[in-house]
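So you can see what is in the structure, the chains are spelled out below.
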Amino acid sequence: QIPGSAPDKAVVKVEVEEKSTGQISIGAGYSSSVGPLGDFSIQEKNFLGHGQNVKLSLQLAASRSQVELAFTEPYFLDREIRAGFDVFHVQQDLQDVSSFDMKRTGFGLRAGYPISRDLSQSWNYGLRRSVVDDVDSSASTLIQDSQGTDFMSELGHNIRLNKLNDNLNPTSGYDLSLKTDLAGLGGDIRHLRNVASASTYYQIKDEWVVKLSGRAGYILGLGKDVHLLERFHLGGANLRGFETRGADPRDTSTNDALGGEWTYSSTLSLAFPLGLPAELGVSGRVFTDMGSVGSLSPTNSTTEDPGSLRVSAGIGMTWASPFGPLGMDLALPLVKEDFDEDELIRVNFGTRF
């Protein structure tokens, strides 16, 4: 501190040290959807000193792998517009549920901006190459007919109203969004898809939080059938008590899940403490899930597509372990179809260094 221009003023000099903006992370975990997994990412949050974010990530799992390069400019054109692009390649083994493998390669452009403090809007454009291959010889004819390579050019719009008190661990407020995608600006795939999502939270008392969430979607083929890879699926993360895609329309002669052109699902849950020391980071929950998916075109003589309601209920826990968050749910189907695939226990575990 040195004297200022007057007796009652002073000049204060402060030395600051810039925090490192680079980050390398390595992770490992397990998911009921894709099996054992590992991931690696390298990120620079102040690329070339301009405040831009560049991230290269790689994820390898037993049945799924993905590599992605993402670039984000937080103040595009010196305005409050968050814009960027993504380049990616994904491949997934779906032999157990639908008798084929899938590959997707593409890039996307995106831009988002706030309309008000709680209301935001974003736009995106993507060009993707999709491949359905390694189709099992005994697979459903509906999957065999989809084998091959297709290109999709898609424009998307999303509007979101976020009134949550905390984006990571909300205890009150609500979150609403509507996403619309139009494919057919070139390419082989043409559809219009709308997905609406909503969630609300209410805290009964400290650490006792009720959550109600729901999602509904519809996809309409424009001049041609909806592509196999663009249909909705139900089961697993969005309907516990059922395997991933376990409540889909299904070819019962081959047991292949086929997906549908509309879906809805909802969850009502209560999170609560288990009476253990807070530093252990263990909490419990009870929940009930419900939903349906249906409307498959084309069909064949062995297709089951009732579009009926499925319901499950269960209990679960989350542990913020020193090795990363561990989530486990035990659920039982209460309302189901005879051809559905059940799943009693669902586990998600991961950590990052």
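No experiment lies behind these values; they were computed from the predicted model shown.

This part takes up the overall build of the chain. Helix and strand counts for the chain come out as two helices and 21 strands. Taken along its principal axes, the extent of the C-alpha atoms in the chain is 95 × 55 × 35 Å. Burial status across the chain gives 38% buried among its 353 residues. Here the contacts in the chain between residues at least 6 apart in sequence split such that 53% fall between residues at least 24 apart. When the accessible surface of the chain is totalled, it reaches about 19300 Å², and 58% of it is carbon and sulfur. Across the chain, the 32 positively charged side chains and the 45 negatively charged ones have centroids separated by 6 Å.

Oppositely charged side chains can form a pair if their charged atoms are brought close together. In the structure shown here, the tally under the stated rule is 17 salt bridges. Asp340 is paired through a salt bridge with Arg310; the nearest N and O atoms lie 2.9 Å apart. Highlighted residues: Asp340 in the loop between strand 20 (324-335) and strand 21 (345-352) and Arg310 in strand 19 (residues 310-321), separated in sequence by 30 residues. Like Arg310, Asp340 is buried. Where salt bridges share partners, they join Arg104, Arg128, Glu154, Lys179, Asp181, Arg193 and Glu230 into one cluster.

This brings us to the pairing of strand 6 (residues 64-73). Strand residues, when the strand is regular, have side chains that alternate between the two faces of the sheet. Both strand 5 (residues 52-61) and strand 6 contribute to a ladder of eight bridges, which runs antiparallel. Its bridge partner being in strand 6, Ser57 is matched across the sheet by Glu68. Note that strand 6 and strand 7 (residues 82-93) share 10 bridges and pair antiparallel. Within strand 7, the position partnered with Glu68 by the bridge is Phe88.

Our focus in this paragraph is the packing of aromatic side chains. Two aromatic rings, taken as a pair, are described by how far apart their centres are and by the angle between their planes. A full pass over the atoms with the stated rule returns three aromatic pairs. Judged by centre distance (5.5 Å) and plane angle (25°), the ring pair of Phe71 and Phe85 falls under stacked. Of this pair, Phe71 sits in strand 6 while Phe85 sits in strand 7, and the two are 14 residues apart along the sequence. Here the basic side chain of Arg240 rests over the ring of Phe287, its NZ or CZ set 3.6 Å away from the ring centre.

On to the layout of surface pockets, then. Volume-wise, the second largest pocket comes out at about 1300 Å³. In this structure, the second largest pocket is lined by 49 residues; those nearest its centre are Lys211, Ser269, Ala271, Arg285 and Thr318. Broken down by element, the residue count for the lining of the second largest pocket peaks at eight residues, all from strand 16 (residues 262-273). A breakdown of the residues in the lining of the second largest pocket according to their chemical character gives 21 nonpolar, 20 polar and eight charged.

Attention now goes to the pairing of strand 11 (residues 173-187). Here 10 bridges tie strand 10 (residues 148-162) to strand 11, and the two strands are oriented antiparallel to one another. Within strand 11, the residue paired with Asn158 across the bridge is Lys179. Taken together, the 11 bridges between strand 11 and strand 12 (residues 191-205) define a ladder with antiparallel strand orientation. Note on strand 12: the bridge partner recorded for Gly173 is Tyr201. Between strand 11 and the antiparallel strand that follows it, strand 12, lie three residues.

Okay, the nonpolar core next. Membership of the largest hydrophobic core comes to 13 residues, with the highest contact counts inside it found for Phe100, Val132, Val135 and Ile143. Membership of the second largest hydrophobic core comes to nine residues, among which are Val195, Phe232, Leu234 and Val293.

Below, the discussion takes up the sheet that holds strand 15 (residues 256-257). Here we have three strands laid out as an open sheet, ordered 15-14-18, and antiparallel in their pairing. Every interior strand has two partners, whereas the edge strands, strand 15 and strand 18 (303-304), have only one.

A separate point is the side chain of Asp101. You can see Asp101 is positioned in strand 8 (residues 101-114). No salt bridge is formed by the buried Asp101, whose closest oppositely charged neighbour, Lys103, lies at an N-O distance of 5.7 Å. A distance of 3.2 Å separates polar atoms of two side chains, one belonging to Asp101 and the other to Gln95. The contacts of Asp101, once residues within four sequence positions are left out, are Gln92, Asp93, Leu94, Gln95, Val131, Val132, Asp133 and Asp134.

Phi is mostly negative for residues that are not glycine, and the peptide bonds are mostly trans. In this structure, Pro298 follows Ser297 across a cis peptide bond, with omega equal to 0°. Along the chain, the position of Pro298 falls in the loop between strand 17 (282-294) and strand 18. If you check the backbone angles, Asn255 has positive phi at about 65° while not being a glycine. Along the chain, Asn255 falls in the loop between strand 14 (250-251) and strand 15. Positive phi outside glycine occurs at Ser295, with the angle close to 70°. Mapped onto the elements of the fold, Ser295 is located in the loop between strand 17 and strand 18. Its relative accessible area of 30% is what places Ser295 among the partly exposed residues.

What counts, and where the lines are drawn
- Residues numbered from 1 in each chain as written.
- Predicted model: local features only at pLDDT ≥ 70, side-chain atom pairs only at ≥ 80, totals over all residues.
- Heavy atoms only, no water.
- Helix = DSSP H or I, 4+ residues; strand = E, 2+ residues; numbered from the N terminus.
- Buried < 20%, exposed > 50% of the residue type's maximum accessible area, 1.4 Å probe, protein only.
- Contact = heavy atoms within 4.5 Å.
- Areas by Shrake-Rupley, 256 points an atom, 1.4 Å probe, with all protein chains shown as cover.
- Lys, Arg positive; Asp, Glu negative; His and termini not counted.
- Charge placed at Lys NZ, Arg CZ, Asp CG, Glu CD.
- Salt bridge = Lys/Arg side-chain N within 4 Å of Asp/Glu carboxyl O.
- Pairing = 2+ DSSP bridges.
- Phe/Tyr/Trp six-rings, centres within 6.5 Å; stacked < 30°, edge-to-face > 60°.
- Lys NZ or Arg CZ within 6 Å of the ring centre and 35° of its normal.
- 1 Å grid on protein atoms, 1.4 Å probe; cavity = no way out; pocket = protein on both sides within 12 Å on 5 of 7 lines; lining within 4 Å.
- Points joined across faces, edges and corners; volume = space filled by probe spheres on them.
- Nonpolar A, V, L, I, M, F, W, Y, C, P; charged D, E, K, R; others polar.
- Core = buried A, V, L, I, M, F, W, Y, C linked by side-chain atoms within 4.5 Å.
- Polar contact = N/O pair within 3.5 Å; in protein donor to acceptor, adjacent residues only side chain to side chain.

The analysis is restricted to geometry; functional conclusions fall outside its scope.
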